[in-house]
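Chains, contacts and geometry: an overview
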Amino acid sequence: MSEKIKLLIQMRYTTELRNALTATKFSTSAVPSLDIPGLSLDENYTPVKIPKRETRKSIGDMEVGRLFTFDARPEVSTYLIRGEVEDENSLDRLTEKVEQDPSAVAVHSDARIGTCPVCPDGPVGSHKDVAHLLNTTELHANGMDGTNVMVAIMDTGIKMEYLRSKGISANFDESKSWSPLHEVVFKPGNFPKDHGTMCAFDVCIAAPNCTLLDYALLRSQKRGETATEGFLSDAIIAYSKLLELLSTDEQNKPRLVVSNSWGMFHPSWDFPVDHPGNYSDNPDHPFNIIVESLEEAGADIIFSAGNCGEECADNRCENVTDKTIYGANSHPNVLCVAAVTTKKERLGYSSKGPGRLDPNKPDICAYSHFRGSEVYPADSGTSAACPVAAGAVAAIRSVYSLSDLSPVHLRNKLRRTAEDLGQIGFDYSHGYGLINTREFITPPPKPVKPIQVGEPVSGNLRKTGESAMFKVTVKNALNVVLDGPEMQDFDLYVRKGAEPTTTHYDDRGYTGTAKEKIEIPLDMGEYYIMVHSFRGDGDFSLRTIVE
Amino acid sequence: MKRFLITLYLLPDENTIQFVKQLPGLKEIEIDEDYGLIVISPKRNLYVVRVSGDIDPDKLMSIQPKVKGVHTDVKVVPTKFQENREE
């Protein structure tokens, strides 16, 4: 006999449902419209009230993760009832009935859940699935492919020959790479195929045209017990080389993403937390200082969260699974990445927050434990999630310069636009949620609409970041007046002789609303006017008035 | 032998390993010259050297005001997942 299908039915408010919240037993008579053959409701399941969720109209820059407001008044809330149906046919009948029932909202699966996130034996999906989930087709079609972006792989070294054999065509710059070894055998780009090669492969999923730099800091063999471990002193030198790279040309700063799939695994590797020489909890440790310096110089720094998640921690964690995002992995100036499968299930080994330096870690999740580089059976650990995210950041950086989006603003936008997983909003397992590149995809440029002085025009901005462009010939001093929707923030930018951007303009409005006014002085010529949604969407009107 | 990272505050005309080596409190310590003097914060004039030996951080900082911290040189490893197995 086949198993019954368990489900949850979401109903709108009725006084009967509200009363059912406090009843000892749920009576099916409270929902007469659900008297459907094949459906049996669970009388032992007290209906659950779901407060009404609304997208917040206005969100401050620092309010990442607080995207919704909730109204728990009974009459605006909905109510979940549990039941089961015999088979697929019954489910179809129920769904159809619910769709037609004004007192019902939807039928949801009551999926079986376990106490553990996944600890898979083998790979879940492949790098092609990761590419699909990262929207790489759309990203690449919009020029977001890592072009003109350097990605430093801070790891065990890269084997470029192997990457080429796997179809990777990213550039490689040996002159800007670095190795702690003075041997000729292991030059940057020619290290044994290992962890670093996996990371480079995973960066190229989203950023196939980036320029890889090889920083083999985990090949410091002077004191390491194995060939793939290093010391923070090596990482400090590596970071100082990158700092030099960004300091050489202030005017034309290169775009640099730094991918770090490494960390410490146990507090015994460090001085005690209360010792002034401690690393894990100490922002004054020299490595934590140089991380801050490099980010300030313009680098996007990405770190793996670590593999000490309690559900299936790495054995090097030695059963310590509390507060295991140590040191720079939890630095406020980096993006700390947790791991999920291509099915968006948290990998149980992914370290949970709070972070040691910044409690609000991890920042986001990215994909891991997939069949990818074939350096290993699976590209796994937060080690793979980190370069997947770094590749996505490099793709974004191809079109967003540092003046368009500074590292801190990029991190904030990644947090704010992440696909929420786990608990609503930020949580210590998933951070702000799963990396979401869709919000960064630049819409194709809109045509410039010529307007006449005095002619009222209207338009519509569909989402945050969208713009509309107009052009007017000025023969007298003018006022440009924008009127947009309440509770939204649209900005007005004006530039003579060229299209303004959010960073290049002659004048702009500074209100926090969608109502703005700019005066154009008597300086004859052609002026471009841009209406830009800093936050929100809706219709607007624009007028140019002679003073 | 224990290894440490010493953070130093150095003015632009002081930022050489030779200058650091002759500083009271530091000239008695084995400084890793191969490692060199590394700038960690150009804005704050902070540098780091790698040293070996037994060091009393409090004593060193009281002798030498240019020393701003004595820190551990932690081992770090890749975060590739290793399943629980005997090493």
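Residues numbered from 1 in each chain as written. Chains lettered and ligands numbered in written order. Predicted model: local features only at pLDDT ≥ 70, side-chain atom pairs only at ≥ 80, totals over all residues. Heavy atoms only, no water.

Overview of the interface of chain B and chain A
Residue-level contacts link 33 residues of chain B with 54 residues of chain A. Regarding the contact of chain B and chain A, the summed buried area is about 3,800 Å², with carbon and sulfur atoms giving 58% of it. Inspection of the region where chain B meets chain A yields 3 salt bridges. The tally of links from chain B across to chain A stands at 18 residue pairs in polar contact (both at pLDDT 80 or more). Secondary-structure elements contributing two or more residues to the side of chain B that touches chain A are strand 1 (3-9), strand 3 (38-41), strand 4 (46-52), strand 5 (67-72) and strand 6 (75-78) of chain B. Split into classes, the residues belonging to the side of chain B that touches chain A amount to 16 nonpolar, 7 polar and 10 charged. (Contact = heavy atoms within 4.5 Å. Buried area = accessible area lost by both parts, 1.4 Å probe. Salt bridge = Lys/Arg side-chain N within 4 Å of Asp/Glu carboxyl O. Polar contact = N/O pair within 3.5 Å; in protein donor to acceptor, adjacent residues only side chain to side chain. Helix = DSSP H or I, 4+ residues; strand = E, 2+ residues; numbered from the N terminus. Nonpolar A, V, L, I, M, F, W, Y, C, P; charged D, E, K, R; others polar.)

With respect to a negative patch on the surface
Taken together, the side chains of A:D87, A:E88, A:D92, A:E96 and A:E99 define an acidic patch exposed on the protein surface. With respect to the helices and strands, A:E99 occurs in helix 2 (residues 88-100). (Patch = residues over 30% accessible without salt bridge, like charges linked within 9 Å, V, L, I, M, F, W, Y side chains within 5 Å. Areas by Shrake-Rupley, 256 points an atom, 1.4 Å probe, with all protein chains shown as cover. Lys, Arg positive; Asp, Glu negative; His and termini not counted. Charge placed at Lys NZ, Arg CZ, Asp CG, Glu CD.)

Quick notes on the packing of helix 7 (residues 232-247) of chain A against helix 8 (residues 286-296) of chain A
For any two helices packed against each other, the geometry comes down to the angle between their axes and how far apart the axes lie. Residues and elements named next belong to chain A. The contact between helix 7 and helix 8 brings their axes to 10 Å, and the two run at 20°. As the angle between them shows, helix 7 and helix 8 are arranged roughly parallel. At the point where helix 7 passes helix 8, the crossing takes the left-handed sense. Residues L232, A235, I236, Y239, S240, L242, L243 and L246 of helix 7 touch helix 8, and the partners they reach there are P286, F287, I290, V291, S293 and L294. In terms of residue class, the contact of helix 7 with helix 8 is built from 12 nonpolar, 2 polar and no charged. (Axes fitted to C-alpha atoms, helices over the stretch in contact; angles between N-to-C directions. Parallel < 35°, antiparallel > 145°, perpendicular 65-115°, else oblique. Left-handed = near helix turned anticlockwise from the far one by under 90°.)

Here we look at the sheet that holds strand 12 (residues 255-260) of chain A
The strands making up a sheet are joined through hydrogen bonds of the backbone, oriented either antiparallel or parallel. Residues and elements named next belong to chain A. Ordered in space as 9-10-8-12-14-15-16, the 7 strands form an open sheet in which the pairing is parallel. With partners counted over all chains shown, the strands left at the sheet margins are strand 9 (171-172) and strand 16 (364-367), one partner each. Across 3 bridges, the pairing between strand 14 (residues 300-304) and strand 15 (residues 335-340) is parallel. Considered in strand 15, the bridge of I302 is made with L335. (Pairing = 2+ DSSP bridges.)

Considerations on the state of the cysteines
All names here are of chain A. Applying the stated rule across the entire model yields 2 disulfides over all chains. The residue that forms a disulfide with C119 is C312, at a sulfur-sulfur distance of 2.1 Å. Across the S-S bond linking C119 and C312, the dihedral sits near -90°, which makes this disulfide left-handed. Taken together, the positions of C119 in the loop between strand 7 (104-109) and helix 3 (127-133) and C312 in the loop between strand 14 and strand 15 put the pair 193 residues apart, joining distant regions of the chain. According to the relative accessible area criterion, C119 is partly exposed, its value standing at 36%. Taking relative accessible area as the criterion, C312 reaches 11% and is therefore assigned buried. One disulfide bridge connects C308 with C317, the sulfur atoms lying 2.0 Å from each other. Its S-S torsion of about -90° marks the bond between C308 and C317 as left-handed, since a negative value means left-handed. Judged by relative accessible area, which is 2%, C308 ranks as buried. (Disulfide = S-S within 2.5 Å. Buried < 20%, exposed > 50% of the residue type's maximum accessible area, 1.4 Å probe, protein only.)

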